[in-house]
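Read off the chains here:
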Amino acid sequence: MGQIEMFRNIVYVLLMIIFSGSLAMGETSTAADWFNRADGLWDGKKFIEVKEAMAYLDKAIEQQPNYANAYISRGMAYNQTGDYQRAIQDYNLALLFTNDENSLTKIFDKMGVAYANLGQYQRAINNFNHAISLKPDYADAYNNRGIVYFLQGDKKQCCNDAQKACELKNCELLSWARERGACP
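Throughout, residues of each chain are indexed from 1 in the direction in which the sequence is written. Totals for whole chains, interfaces and linings use every residue, but because this is a predicted model, local features are given only for residues with pLDDT of at least 70 and side-chain atom pairs only at 80 or more, for both listing and counting. Where side-chain values are given, they derive from all heavy atoms of the structure, hydrogens and water being excluded.

To qualify as a helix, a DSSP run of H or I must reach at least 4 residues; to qualify as a strand, a run of E must reach at least 2; elements of each kind are numbered from the N terminus. The number of helices and strands found in the protein is ten helices and zero strands. Secondary structure elements in the protein, listed N-terminal to C-terminal, are α-α-α-α-α-α-α-α-α-α. The contacts in the protein between residues at least 6 apart in sequence include a share of 52% that link residues at least 24 apart. In this description, accessible areas are obtained by the Shrake-Rupley approach with a 1.4 Å probe, and a residue is regarded as covered only by the protein chains that are shown. When the accessible surface of the protein is totalled, it reaches about 9800 Å², and 51% of it is carbon and sulfur. Every residue pair with non-hydrogen atoms within 4.5 Å of one another is taken to be in contact.

What follows is the structure, encoded as structure tokens:
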């Protein structure tokens, strides 16, 4: 067993011990039920009832402490509320519990957003780069990285990413950058 796998197992056992109290209370909904309730509050861009979604995700994680998607979604909720440090913590926990390429891509992209919102632009770019290396056709990572380049004053890199994202059928950043005179 490698060190990473051993660390994952230790974290899992510790989280099971911490959260075992909620299971003893007779809760009948499963972790997936709680996750699905939170997912029902997602409109494609944000949670429409973020506090309610977070409560559902807390319960999902209490019942299944290695539920990577619950950590990802709760991280997105923390991003939405401006609690970027907690979002990053949840994304890092999610990294421990998934090997799925799509999930990893989403984690690195969303963690990049959190770092960008904290003004940690190089860390944000590193995360977007990692997302792109995992899935080169992930337009959101190009858009998000392009925004960071714009914030740093690098209009050329902003335009390059905006054009790449547009080639991938997401032209939001390109339109946005053109409105601000950053792209032709």
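Within the element layout of this structure, Tyr121 appears in helix H7 (residues 121-134). Measuring from C-alpha to C-alpha, the distance between Tyr121 and Val148 comes to 6.4 Å, with 27 residues separating the pair along the chain.

The next point concerns the side chain of Arg74. In this fold, Arg74 is placed in helix H4 (residues 68-81). Three labels apply to residues, based on accessible area from a 1.4 Å probe with only protein chains included: buried if under 20% of the type maximum, exposed if over 50%, partly exposed otherwise in between. With a relative accessible area of 12%, Arg74 lands in the buried category. Beyond its immediate sequence surroundings of up to four residues, Arg74 is in contact with Leu57, Asp58, Ile61 and Asp90.

In summary, the pairing rule links any two rings of Phe, Tyr or Trp, Trp by its six-membered ring, whose centres are within 6.5 Å, and it sorts them by plane angle into stacked for under 30 degrees, edge-to-face for over 60 and tilted for everything else. Tallied over the entire structure, the rule returns five aromatic pairs. Their ring planes at 70° and their centres at 4.9 Å tell us that Trp42 and Phe47 sit as a pair that is edge-to-face. By relative accessible area, which is 28% here, Trp42 ends up partly exposed. Accessibility expressed as a relative area gives 4% for Phe47, which makes it buried.

Taking 1.5 Å per residue, 13 residues should reach 18 Å; helix H8 (residues 139-151) reaches 19 Å between its end C-alpha atoms and fits that length. All of the buried residues in H8 are Ala139, Ala141, Tyr142, Asn143, Asn144, Arg145, Gly146, Val148 and Tyr149. If you follow the buried residues of H8, they end up packed against helix H6 (101-117), H7, helix H9 (155-167) and helix H10 (172-179). Downstream of H8 by a residue or two, Gly153 has a phi angle that is positive, lying close to 85°. A helix is expected to span 1.5 Å multiplied by its residue count minus one.

The subject of this paragraph is the nonpolar core. With 56 residues, the main nonpolar core has Phe47, Ala60, Ala70, Ile107 and Met111 as its most contacted residues. Look past the residues within four positions of Met111 in its chain and what remains in contact with it is Ile88, Tyr91, Asn92, Leu95 and Asn127. In this description, a nonpolar core means a group of buried Ala, Val, Leu, Ile, Met, Phe, Trp, Tyr and Cys residues linked to one another through side-chain atoms lying within 4.5 Å.

A few words on the packing of helix H3 (residues 50-63) against H4. Structural elements are reduced to axes, namely lines fitted to C-alpha atoms, with helices fitted over the stretch in contact, and the angle between N-to-C directions of any two is expressed from 0 to 180 degrees. Viewed as axis vectors pointing N to C, H3 and H4 meet at an angle of 150°, and their least axial separation amounts to 9 Å. Here H3 lies roughly antiparallel to H4, going by the angle between them. When you trace H3 past H4, the crossing you get is left-handed. Taking contact as the criterion, the partners of Val50, Met54, Leu57, Asp58, Ala60 and Ile61 in H3 are, on H4, Ala70, Tyr71, Ser73, Arg74, Ala77, Tyr78, Gln80 and Thr81. Three classes are used: nonpolar for Ala, Val, Leu, Ile, Met, Phe, Trp, Tyr, Cys and Pro, charged for Asp, Glu, Lys and Arg, and polar for all others, with Gly counted as polar. Class assignment of the residues belonging to the contact of H3 with H4 gives a composition of nine nonpolar, three polar and two charged. Oblique is the label for any angle not covered by the other classes, which are roughly parallel (under 35 degrees), roughly antiparallel (over 145) and roughly perpendicular (65 to 115). We call a crossing left-handed when the near helix sits turned anticlockwise from the far one by less than a right angle, and right-handed when that turn is clockwise.

Within the element layout of this structure, Ser29 appears in the loop between helix H1 (3-24) and helix H2 (31-39). Among the residues examined, Ser29 registers a relative accessible area of 11% and is labelled buried. Residues within four places of Ser29 in sequence aside, it is in contact with Trp34, Arg37 and Gln63.

Turning our attention to the state of the cysteines. What makes a disulfide is a covalent bond joining the sulfur atoms belonging to two cysteines. Working definition: a disulfide is two cysteine sulfur atoms within 2.5 Å of each other. By the definition in use, this model includes two disulfides. Bridging Cys159 to Cys183, the disulfide has an S-S length of 1.9 Å. Of the two residues, Cys159 is situated in helix H9 and Cys183 in the segment after H10; the sequence distance between them amounts to 24 residues. Accessibility classification places Cys159 together with Cys183 in one group, the buried group.

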